[in-house]
Amino acid sequence: MDFDLVVRNGTVVTASDIWESCDIGVKDGTIVAVGPRLPATAGAQEIDAEGAFITPGGVDSHVHLSQVHNANIDDIDRSTITNGIIPDRENYVADTYDTGTRSAVAGGTTTVITFASQMKKDASIIPVIENYHKLAKDQSYCDYAFHVIITNPTPQIVEDEFPRMVDEYGITSVKLYMTYKPMKLLDYQILDVMYSARKLGITTMVHAENADIIDWMTQHLEQKLMTHPYHHGTSRPPIVEAEATNRVICLAELMDTPILLVHISGGPATKHIRDAQTRLLPIYGETCPQYMFLLADSMRKGDFEGAKCVCSPPIREDKSDQDAIWAGIKNGTFNIVSSDHAPSKYNHQNGKQRGLKHGNLPYGKFRLIPNGLPGVETRVPLLFSGGVLSGRISPQKFVEVTSTNPAKLYGLKKKGSIAPGFDADLVIWYPQAKFQPFKLTNEMLHHAIDYTPFEGIEFKNWPRYTIIRGKVVFSHGEVIGEMGYGQFIQREKSLLPGPRDVWLNEWRP
């Protein structure tokens, strides 16, 4: 056999199996052989895994890059179309495609799916998609694809532009919001999107929170001067997420269309998803490391430092919610663990500091704090160290939720596994006996953000090599890949179960 790269003596893990003392042969960026004692090839690069785990490259299917700051605030309603150069960096999140994907490969992620975001007054999604192509072109260290955020689902968009999105651009997923005034859709509009999505094989992602409860709670908390970052969570108790989750599952059942509930944070919403799956509905669940490793006390730090951990849905108060998330991963309720990387700086006037601009100092107003946490680099190592090495999940489950399932759900047919015909996207870990555990500091990371919510957490392993399509892009703590190596991937329809052709009454789409 003729190889360009041979990785030898590894413990290869897929979503179903573990093979010890195994080699992987790579040719032209594709895995062509997996097995013991593969023959040597003159001139081929060889890497000795020294018995350590080898897992498929991570697929992070929920990453925000090169987006305008505060897209959840009322003052933005139309996209800024660029020529690929961000016109005013002060008004954009800190991580663009170069720094965000650099950070991704340093944490073992080889493919990211980011968001092309339609604003409320954008009459077409085609210029939005084209704009994000320009922003990402020649800027990425890893492979990438797009979802499209839909905030204005006009008949032109859902009937005429959705087919173009799928056929011409290879984008087979959209994201909808049930909260945030400039982005939220009414149930009627959600049904419009689902109707078209079902016909075209589009996967619909949903941010499920009850907007009216949030607005009512926020107004009344402000009247009582309860505006400390911690009260972001007070304004969004678990029932806020649970009600909206149940409601959108009902809409999906009516329309017989698959949906993914994104960044689920608590036990009640998890139960709604599990109950729907038990009834064999094509309902999928995603959660994030912040809901597995942090609790709401992280928002109590100092007068305002807790703003670093403000995200939506909020990190939960009760450890029972955290336990429910871990149980949901183990029992299959959660198909995917994504980062929801939302890279706002802490010390930036349009970052977390925005919460201090309008009174009630020194606590500020949680309503104005940009939501979201950075985490694209820490996602894979957190789950490996805190999940696999702690004994909470198996190596196979780790691979399933960080790589295989996101690749299947989003139609990345050559990603997510270690087998002949798949892209040679690999993570080689350190031999456990040779790794010195460390406590994380932000200075160790490769993003452009000035903090990490996971500061001080101990890591018991970290990727030693990250390989994308047969090329080593990260080695022993250093990014050695080139910006621009990453390729845009046109995706196919989901490879997971879709519509069942089961109906609630006589109506059919």
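Up top is the structure these notes are about.
About the criteria used
Residues numbered from 1 in each chain as written. Predicted model: local features only at pLDDT ≥ 70, side-chain atom pairs only at ≥ 80, totals over all residues. Heavy atoms only, no water. Helix = DSSP H or I, 4+ residues; strand = E, 2+ residues; numbered from the N terminus. Buried < 20%, exposed > 50% of the residue type's maximum accessible area, 1.4 Å probe, protein only. Pairing = 2+ DSSP bridges. Axes fitted to C-alpha atoms, helices over the stretch in contact; angles between N-to-C directions. Parallel < 35°, antiparallel > 145°, perpendicular 65-115°, else oblique. Left-handed = near helix turned anticlockwise from the far one by under 90°. Contact = heavy atoms within 4.5 Å. Nonpolar A, V, L, I, M, F, W, Y, C, P; charged D, E, K, R; others polar. Salt bridge = Lys/Arg side-chain N within 4 Å of Asp/Glu carboxyl O.

Chemist: Explain the side chain of Arg-379 to me, please; I cannot follow it from the model alone.
Modeler: Within the secondary structure, Arg-379 is located in helix H11 (residues 379–388). By relative accessible area, Arg-379 is classed as buried at 0%.

Chemist: How do you make sense of the pairing of strand E1 (residues 5–13) when you look at a structure like this?
Modeler: Regular strands show a simple pattern: their side chains alternate between the two faces of the sheet. Where burial is concerned, most of E1 is hidden: eight out of the nine residues are buried. Sheet topology places E1 next to strand E4 (residues 45–48); four bridges connect them, and they run parallel. Looking at E4, one finds that Leu-5 is bridged to Gln-45. Pairing geometry for E1 and strand E2 (residues 18–27), over six bridges, is antiparallel. Residue Val-13 lies in a different strand from E2, and its bridge partner there is Ile-18. Linking E1 to E2, which pair antiparallel, is a turn of four residues.

Chemist: Before we go on, may I ask you to explain the packing of helix H3 (residues 155–167) against helix H4 (residues 187–200) in this structure?
Modeler: For any two helices packed against each other, the geometry is given by the interaxial angle and the distance between the axes. In contact at an axis separation of 10 Å, H3 and H4 are set at 40° when each is read in the N-to-C sense. As the angle between them shows, H3 and H4 are arranged oblique. Crossing of H3 against H4: the hand is right-handed. Residue-level contacts link Val-158, Phe-162, Pro-163 and Val-166 of H3 to Asp-192, Val-193, Ser-196 and Leu-200 of H4. Split into classes, the residues belonging to the contact of H3 with H4 amount to six nonpolar, one polar and one charged.

Chemist: Can you help me understand the pattern of salt bridges in this one?
Modeler: One side chain can pair with another of opposite charge once the charged atoms of both are near each other. Scanning the entire structure with this criterion turns up 27 salt bridges. We note a salt bridge from Asp-423 to Lys-414, for which the minimum N-O separation is 3.5 Å. With relative accessibility at 11%, the residue Asp-423 sits in the buried group. Connected via shared salt-bridge partners are Asp-143, Lys-414, Lys-415, Asp-423, Asp-425 and Arg-469.

Chemist: It is not clear to me how the environment of Gly-359 should be interpreted in this structure. Could you clarify?
Modeler: Among the structural elements, Gly-359 can be located in the loop between strand E13 (336–337) and H11. Spatially, the C-alpha atoms of Gly-359 and Thr-227 are 9.8 Å apart, while their sequence positions differ by 132 residues. Excluding residues that lie within four positions of it along the chain, Gly-359 makes contacts with Gly-364 and Lys-365.

Chemist: When you look at the pairing of strand E17 (residues 463–468) in this model, what are you seeing that I'm missing?
Modeler: Burial analysis of E17 places six of its six residues in the buried class, which makes it a mostly covered element. Alignment of strand E14 (residues 426–429) against E17, held across four bridges, turns out to be antiparallel. Within the sheet, the bridge partner assigned to Ile-428 lies in E17 and is Tyr-465. Bridge analysis of E17 against strand E18 (residues 471–475) gives four bridges, and the strand direction is antiparallel. Among the inter-strand pairings, Ile-467 is bridged to a residue of E18, identified as Val-472. What sits between the antiparallel neighbours E17 and E18 is a turn of two residues, in which Arg-469 has the positive phi angle 45°.

So, to be careful, I would describe these as geometric facts and stop short of saying anything about function.
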